[in-house]
2 protein chains.
Amino acid sequence: MSMKLHILGCYSATPRAQTRPSAQVLETGGHLFLIDCGEGTQMELRRYKLRFSKIDHIFISHLHGDHFFGLPGLVSTFRLLGREKPLHIHGPKGIKEAITLLLKLGDSWTQYPLLFNELTAREPQLLLEETGVAVSTLPLNHRIYTNGFLIRELPGERRLRPEAARRYGIDTAYFRKIKKGADGLASDGRLIPNAELTDPPTHPSSYAYCSDTAYKPELPAWLKDVDTLYHEATFLEKDAALAAKTGHSTAREAALIAREAGVQQLILGHYSSRYKDLQGFQAEAAAVFPAVELAEDGRVFSW
Amino acid sequence: MSMKLHILGCYSATPRAQTRPSAQVLETGGHLFLIDCGEGTQMELRRYKLRFSKIDHIFISHLHGDHFFGLPGLVSTFRLLGREKPLHIHGPKGIKEAITLLLKLGDSWTQYPLLFNELTAREPQLLLEETGVAVSTLPLNHRIYTNGFLIRELPGERRLRPEAARRYGIDTAYFRKIKKGADGLASDGRLIPNAELTDPPTHPSSYAYCSDTAYKPELPAWLKDVDTLYHEATFLEKDAALAAKTGHSTAREAALIAREAGVQQLILGHYSSRYKDLQGFQAEAAAVFPAVELAEDGRVFSW
């Protein structure tokens, strides 16, 4: 199975002429999940030709403006586009009051069901488990209540070897059960062990989004076997004091989390605008964890 | 005196990859007034290199998202930029609750004074009169409570003719009074009539912003002698029924207002995205009122 991550925006704090605040879309098994929704996200969705209509779940990490001030506009645009199916918004408690107040002031209620899942838990919590995928929270350490999100494809079925099934003359009526692990009945009455008829399921892909957060020692235990980790790196080590003060991480701290968790790939983002050049982030992280990539607005990652 | 109008966005409803919702900056006598603040306005301010720090007053016409969903982000950015001087926000009742709720949720109170002037009046109302300029409301007819804004430079002083003052040997100590209209005392004791010593003040410029509104017959009386009128033209006449239903105007209706008010120049904007080409707006309006221009994102008008 596979995932595709579209970075719509990966800069911290104030949007600028050329940089966008946090927002990204994860594609997995027919789902389009929007993660965070900074100001201008709907324009970026259009710019990269991502299908609005396929977004059914939006996950908001926390209620700082650079992570959710694009949400009221997107909710309104869904209304103007004639959306009918429900939209689920998962985010910190208070998000419902904010969005509904803005809609009320504009006398612009959605004609589609707008469903809020308000979060308060301090421990990881399952948000969603449907058609091949599960999403849970990763409580983070920031100045206000914040969650990261862990998205795991559910293990698929075993993969039938058609030539083996033919060789033993197995009736197609048994295929569904065999893909679920059952042994197969050959045409001569023998019971053929499942391992001879199938290959193991393909590797279920997984992704973790951790922004915004200070270095959080509990994270690696929650991220075991994750393929790709997006971890904020607002600062470099030389500004570690500023990172600590503002509840953010350095590139090195992000790499330490990635190494201890044993993820396949680390993506850095949420850069402070004080750095003119992003190469310092890559270098600092790579010294600890070599498989590191830099998010950039518009960049797409697949695994 | 003179005014300069920067169109940051002039399209209706949902922002798209290439078009921006309503926002504009009027420059007059050292002031930078921001009028409406659709999503993404702060990025456009940066794109056109307009000085954030000079904005002390923001005027919001109404609380539909395409006119104010950029405001929370701008208010937050002023905080991050270390603003200290007060920011005045003039807009419909409810705007204070909306902005303060969003700041509260993010635990992001401004360190600068954020002052709201909440509007409810149904008749024109003076909002501001300071250093050379006055701003008042133009109540409009839309689906929700909406105001346009009329910005007039105040008449300046009479302009001293230096060579005439010298010829009569008038002491410079009298110049201030002469510029205010007093006659001048010549060195030989004669009283010289003011008209011989001064020219009339330069023409004070004026600007009216009317968006969003259905055709409103009271407008021309309020717009007498206005130089430039920006009037919404969401639709063309062929969609007049839609304009009436949604509380908007056609290009022809905007031109009728301009003609009856006798303004110098009409600027159209707030186009519906249903029209691929804007020339139809110009043609339709010009048949009624020839001095018509089309707003476009990024266009600058001076008068």
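What you see is a predicted model; the values in this text were computed from it and never measured.

Criteria and thresholds
- Every chain is numbered independently, its residues counted from 1 as its sequence is written.
- Here the convention is simple: chains get letters from A, ligands get numbers from 1, in the order in which they are written.
- The predicted nature of this model means local features are confined to residues of pLDDT at least 70 and side-chain atom pairs, given and counted, to a pLDDT of 80 or more, with totals for whole chains, interfaces and linings taken over all residues.
- To qualify as a helix, a DSSP run of H or I must reach at least 4 residues; to qualify as a strand, a run of E must reach at least 2; elements of each kind are numbered from the N terminus.
- For the exposure call, what matters is how many other C-beta atoms sit within 10 Å of a residue's own: 20 or more marks it buried, 12 or fewer exposed, and in between partly exposed, using C-beta atoms placed from the backbone.
- By definition, residues are in contact whenever their C-beta atoms, placed on the basis of the backbone, come within 7 Å of each other.
- Residues are grouped as follows: Ala, Val, Leu, Ile, Met, Phe, Trp, Tyr, Cys and Pro are nonpolar; Asp, Glu, Lys and Arg are charged; every other residue, Gly included, is polar.
- In this entry, domain limits derive from an automatic or database-based domain assignment.
- Here, strands pair whenever DSSP counts at least two bridges between them.
- Only the contacting stretch of a helix is used when fitting its axis, a line to C-alpha atoms as for every element, and angles between N-to-C directions run 0 to 180 degrees.
- A set of buried Ala, Val, Leu, Ile, Met, Phe, Trp, Tyr and Cys residues, joined to one another through C-beta atoms within 7 Å, is what we call a nonpolar core.
- To superpose the copies, least squares is applied to the C-alpha atoms of every residue with a pLDDT of at least 70 in both.

> Explain the overall build of chain A to me, and be specific about the residues and the numbers.
For chain A, the count of helices and strands is 11 helices and 18 strands. Summarising its shape, the C-alpha atoms of chain A cover approximately 70 × 55 × 35 Å along the three principal directions. Expressed as a percentage of the 303 residues in chain A, the buried residues total 45%. Residue pairs at least 24 apart in sequence account for 62% of intrachain contacts in chain A once pairs closer than 6 positions are excluded.

> An account of the interface of chain B and chain A is needed here, citing residue identities and associated values.
Contacts between the two partners involve 32 residues from chain B, matched on the other side by 32 residues from chain A. Every element with two or more residues in the side of chain B that touches chain A is listed here: α1 (41-47), α3 (71-80) and α4 (95-105) of chain B. Here the residues of the side of chain B that touches chain A sort into 13 nonpolar, 12 polar and seven charged.

> Describe the domain arrangement of chain A, and please don't skip the residues or the numbers.
With domains assigned, chain A is organised as domain 1 (3-156 + 202-302) and domain 2 (159-199). Summarising the inter-unit geometry, the C-alpha centres of domain 1 of chain A and domain 2 of chain A are found 43 Å apart.

> I'd like a rundown of the sheet that holds strand β8 (residues 133-139) of chain A, residues and numbers included.
Residues and elements named next belong to chain A. Pairing is mixed across the open sheet formed by seven strands, whose spatial order is β7-β8-β9-β14-β15-β16-β17. The outermost strands of the open sheet, each flanked by one partner alone, are β7 (126-130) and β17 (292-294). Between one strand and the next, the sheet's axes are offset by a mean angle of 15°, whatever the strand orientation. Here three bridges tie strand β16 (residues 265-269) to β17, and the two strands are oriented parallel to one another. If you follow Leu-268 over to β17, its bridge partner there is Leu-294. Lying on the sheet, helix α10 (residues 251-261) is in contact with β15 (228-232), β16 and β17; it crosses β15 at an angle near 155°. Running at roughly 170° to β17, helix α11 (residues 279-286) makes contact with β16 and β17 of the sheet.

> Which residues make up the nonpolar core, and what values do they have?
Within the largest apolar cluster, 136 residues are counted, with the highest numbers of intra-cluster contacts made by Leu-266 of chain A together with Leu-266 of chain B. Beyond its immediate chain neighbours, meaning those up to four positions away, Leu-266 of chain B contacts Leu-229, His-231, Ala-254, Ala-255, Ala-258, Ala-285, Phe-289, Ala-291 and Val-292 of chain B.

> Residues and numbers for the relation of the copies chain B and chain A, please.
The operation relating chain B to chain A is a screw motion whose rotation component is 180°, with 0.0 Å of axial translation and a residual RMSD of 0.1 Å. Read as a symmetry element, the transformation amounts to a two-fold axis. Residue Gly-40 of chain B, judged by its C-alpha, is the member of chain B lying nearest the rotation axis, at 2.7 Å. Comparing interface residues between copies, 100% of those in chain B also lie at the interface in chain A; the contact surface is shared.

> So what about the environment of Ala-23 of chain A? Which residues, and what values?
Residues and elements named next belong to chain A. Note that Ala-23 resides in strand β2 (residues 23-28). A tally of 29 C-beta atoms within 10 Å means that Ala-23 is categorised as buried. When sequence neighbours within four positions are dropped, the list of residues in contact with Ala-23 reads Leu-8, Gly-9, Asp-36, Cys-37, Gly-38, Thr-41, Glu-44 and Gly-70.

> Describe in detail the sheet that holds strand β1 (residues 3-9) of chain B, supporting the description with residues and values.
Residue and element names in this part refer to chain B. The strand order across the open sheet formed by seven strands is β6-β5-β4-β3-β2-β1-β18, and the pairing between neighbours is mixed. The open sheet has two edge strands, β6 (114-119) and β18 (300-302), and neither has a second partner. This sheet shows a mean twist of 20° between the axes of neighbouring strands, independent of strand direction. Inspection of the sheet shows β1 paired to β18 by three bridges, in the antiparallel sense.

> Outline unusual backbone geometry, listing residues and values.
With an omega dihedral of 0°, the bond running from Ser-211 of chain A to Asp-212 of chain A counts as a cis peptide bond. The phi torsion at Asp-36 of chain B lies on the positive side, around 60°, for a residue other than glycine. Considering the arrangement of structural elements, one finds Asp-36 of chain B in strand β3 (residues 31-37). One non-glycine residue, Asp-107 of chain B, lies in the positive phi region at around 50°.

> Can you tell me about α10 of chain A, naming the residues and giving the values?
Residue and element names in this part refer to chain A. For α10, the tally of buried residues reaches nine of 11 residues, placing the bulk of the element in the interior. Residues of α10 that are buried: Ala-251, Arg-252, Glu-253, Ala-254, Ala-255, Leu-256, Ile-257, Ala-258 and Ala-261. The inward-facing, buried residues of α10 contact α8 (219-222), β15, β16, α11 and β17. Phi turns positive, to about 70°, at Gly-262, one or two residues after α10.

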